[in-house]
Amino acid sequence: MFISVVIPTYNRWPILEKCLVALEAQSPSGEIDDYEVVLVDDGSTDGTPSRLREQAERFPHVRLVEQAHGGPAEGRNRGVDHARGDVIVFIDSDLVVTSQFLSSHARGLQRYWHQSGNRLCFTYGAVINTANFDQPTTERHKLRDLSWAYFATGNVAIDRTVLQRSGLFDTGFRLYGWEDLELGERLRQMGVELVKCPEAVGYHWHPALSLAQLPDLIRVEQERAKMGLVFFRKHPTRRVRFIIQFTWLHLILWELLTLGGLLNERSLRPLLKWLISHGHAAVAMEVLRLPLNRIGVRAMFREAKAIGLR
C-alpha cells in the first residue's frame, strides 16, 4: 500500500519539527510500498512554511500544502485532496510517533481486510499524553490516556475510498472540537468498524499546565460547546447527546461536583498554583477539569436556549 499521512498544522513549529523527524525515521515494512507526509499549513504566522522550504532535504517525504486560516477540518480535506496514497493516516502536528508507527497501522488494516473480505474499517492507534518536550517518547502509558472516542483524528488510518464515500470532514466546524467525531458518526452509519491498533503509538505533546493558560482553556470549552451543538443538530440522537454532554444529567453532575460553581477557576487558583509549583501540573489539570466541564456544559445549554434547540 501507499500511505499518505495528512497533518494540518497552525503555529506549532517546535513540536511539528519533532513530529516530522519521527515520520522520516519509519522502519521499512513489507506491507508498505512507500509513504508521504502531506502537511497542510493553516495560515501559520510562525514561519512554518519558510522553515520547511529551507530544510527540505531533512524531510524528503513531506509535501507542503498551504491555505488561508480555515481550521483543521478544511485542512484535513485539503490534505486528502492532495494525497496520492490509497490509505490515509491522520495525526495531529503535536504527535511524535515511534519507528513502527506506519507499519503497525498497515498490518492492522491488512489483517482486517483479509479476514473480512472488505475494507470497511479504520485502525485506531494509541495516544499517550506527555508534557516532556525534550523526550516525549519516554512517557509511560497512563490510565487517563485511555479514550473511548470513535474516529478521533489524533491517530487513525483508513482506506481512502471508504473515507471519500463518507463525505470527508464537515467544514461547518469552524471552531474547536467535534469535527472528527461527527465524521465518525457517519462512518459508523456506513458500517465501518473500529480496529484497535495499540502498537501504532503516538506521543501527544502539550505544555504542562500554567495559570496563564486559563483564559485559553475557558475559550476552548466555550468553542466546544458551540461546535457540540453543530454536531447534535446533524445527529440528534441520545448517543450524541451523551458524547457532547448535552443532558440534564451532565448539567446536574458538574453542578454537584463543583458545589454549584463554588469550585471554579478563581477559587481553585491557589490550589492550582501550589500543585503546579510542586511539580504536579498533571494533577492540577485534572482538578481544573471540574470547573471547565461545568463551563462547557452551561455554555452549551445557554447556546441551545438562544437558538431554540432546547
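Residue positions are given per chain, counting from 1 as you read along its sequence in written order. Under the rules for a predicted model, residues below a pLDDT of 70 receive no local features and side-chain atom pairs below 80 are neither given nor counted, while totals for whole chains, interfaces and linings still include all residues. The basis for the side-chain values is all heavy atoms of the structure; hydrogens and waters are excluded.

Caption draft 1: Inspection of the environment of Ile295 at higher detail. By definition, any uninterrupted DSSP run of H or I lasting at least four residues is a helix, any uninterrupted run of E lasting at least two residues is a strand, and each is numbered from the N terminus. The residue Ile295 is located in helix α11 (residues 281-306) in this model. Relative accessible area decides the class of each residue, using a 1.4 Å probe on protein chains only: under 20% of the type maximum gives buried, over 50% gives exposed, and in between gives partly exposed. The class of Ile295 is buried, set by a relative accessible area of 17%. Along the sequence, Ile295 and Leu251 sit 44 residues apart, while their C-alpha atoms lie 9.9 Å from each other. We call two residues in contact when some of their heavy atoms are within 4.5 Å. Apart from residues lying up to four places away in sequence, Ile295 is in contact with Ile218, Glu221, Gln222 and Glu265.

Caption draft 2: Spotlight on a nonpolar patch on the surface. On the surface, Leu143, Leu146 and Trp148 cluster together into a nonpolar patch covering about 440 Å² of accessible area. In this structure, Leu146 sits in the loop between β6 (121-130) and β7 (155-159). Here a patch means residues that are over 30% exposed by relative accessible area and free of salt bridges, tied together within 9 Å if like-charged and within 5 Å if nonpolar (Val, Leu, Ile, Met, Phe, Trp, Tyr). Only the protein chains shown count as cover for residues, and the accessible areas themselves come from Shrake-Rupley with a 1.4 Å probe. Here, a salt bridge means any Lys or Arg side-chain nitrogen found within 4 Å of an Asp or Glu carboxyl oxygen.

Caption draft 3: Examining the pattern of salt bridges more closely. Throughout the structure, instances matching the rule amount to 25 salt bridges. The residue Arg239 makes a salt bridge to Glu185 at a minimum N-O spacing of 2.9 Å. Placement of the pair is Arg239 in helix α8 (residues 238-244) and Glu185 in helix α6 (residues 179-189), with a sequence separation of 54 residues. Take Arg239: its relative accessible area is 37%, and that puts it in the partly exposed class. Several salt bridges share partner residues, and in doing so they unite Asp170, Glu182, Arg186 and Lys234 into one network.

Caption draft 4: Main features of the nonpolar core. Counting 41 residues, the largest nonpolar core has Phe90 and Phe151 as the members making the most contacts within it. In this view, Phe151 contacts Phe90, Phe122, Val156, Ile158, Phe169, Asp180, Leu181, Leu183, Gly184 and Leu187; residues no more than four positions away in its chain are not counted. Residue types Ala, Val, Leu, Ile, Met, Phe, Trp, Tyr and Cys, when buried and joined through side-chain atoms within 4.5 Å, form a set referred to as a nonpolar core. Among the nonpolar cores identified, the runner-up in size contains 36 residues, and Met1, Cys19, Val62 and Ile91 belong to it.

Caption draft 5: The side chain of Arg76, seen in detail. Position of Arg76 relative to the elements: it lies in helix α3 (residues 72-82). Judged by its relative accessible area of 4%, Arg76 is buried. At a separation of 3.1 Å, a polar atom in the side chain of Arg76 contacts the side chain of Thr153. What Arg76 contacts, discounting residues up to four positions off in sequence, is Val6, Pro8, Phe90, Asp92, Thr153, Phe169 and Glu179. Here a polar contact is recorded for every N or O atom pair within 3.5 Å, except that within protein the pair must consist of a potential hydrogen donor and a potential acceptor, and residues adjacent in sequence are included only if both atoms are side-chain atoms.

Caption draft 6: The pairing of β7, seen in detail. With 5 of 5 residues buried, β7 lies mostly within the body of the structure. Residues Asn155, Ala157 and Asp159 line one face of β7 and the alternating positions Val156 and Ile158 line the opposite face, and both faces are buried. The criterion for strand pairing is that DSSP finds at least two bridges linking the strands in question. Strand direction decides the pairing type here: strand β4 (residues 87-91) and β7, joined by 5 bridges, are antiparallel. In the sheet register, Ile88 faces β7, and the bridge partner there is Ile158. Sheet topology places β6 next to β7; 3 bridges connect them, and they run antiparallel. Paired with Thr123 across the bridge in β7 is Ala157.

Caption draft 7: Structural context of the side chain of Arg294. Within the secondary structure layout, Arg294 lies in helix α11. Since its relative accessible area comes to 17%, Arg294 is described here as buried. When residues no more than four places from it in sequence are discounted, the contact partners of Arg294 are Trp254, Glu255, Thr258, Gly260 and Gly261.

Caption draft 8: Geometry of the environment of Ala225. Assignment of secondary structure puts Ala225 in helix α7 (residues 214-234). Using a relative accessible area of 2% as the deciding quantity, one classes Ala225 as buried. Each C-alpha atom, one on Ala225 and one on Ala299, is 6.0 Å from the other, the two residues being 74 residues apart in sequence.

Caption draft 9: Seen up close, the packing of aromatic side chains. Pairing of aromatic rings covers Phe, Tyr and Trp, the last through its six-membered ring, and needs centres within 6.5 Å; plane angles under 30 degrees mean stacked, over 60 mean edge-to-face, and all others mean tilted. Considering all chains together, one arrives at 9 aromatic pairs under this definition. Ring centres of Phe90 and Phe151 lie 6.4 Å apart, and the angle between their planes is 80°; this geometry places the pair in the edge-to-face category. Linking Phe90 in strand β4 with Phe151 in the loop between β6 and β7, this pair joins segments that are 61 residues apart in sequence. By relative accessible area, Phe90 is classed as buried at 0%. Judged by its relative accessible area of 0%, Phe151 is buried. Seen from their ring centres, Phe122 and Phe151 are 4.9 Å apart, and the 90° between their planes marks the pair as edge-to-face. Linking Phe122 in strand β6 with Phe151 in the loop between β6 and β7, this pair joins segments that are 29 residues apart in sequence. Three or more aromatic residues link up through ring pairs in this structure, and these residues are Phe90, Phe122, Tyr150, Phe151 and Phe169. Consider the ring centre and the ring normal. A charge sits over the ring if Lys NZ or Arg CZ is within 6 Å of that centre and within 35 degrees of that normal. Over the ring of Phe169 we find Arg76, and its NZ or CZ is 5.4 Å from the ring centre.

In short, shape yes, function no, at least from these values alone.
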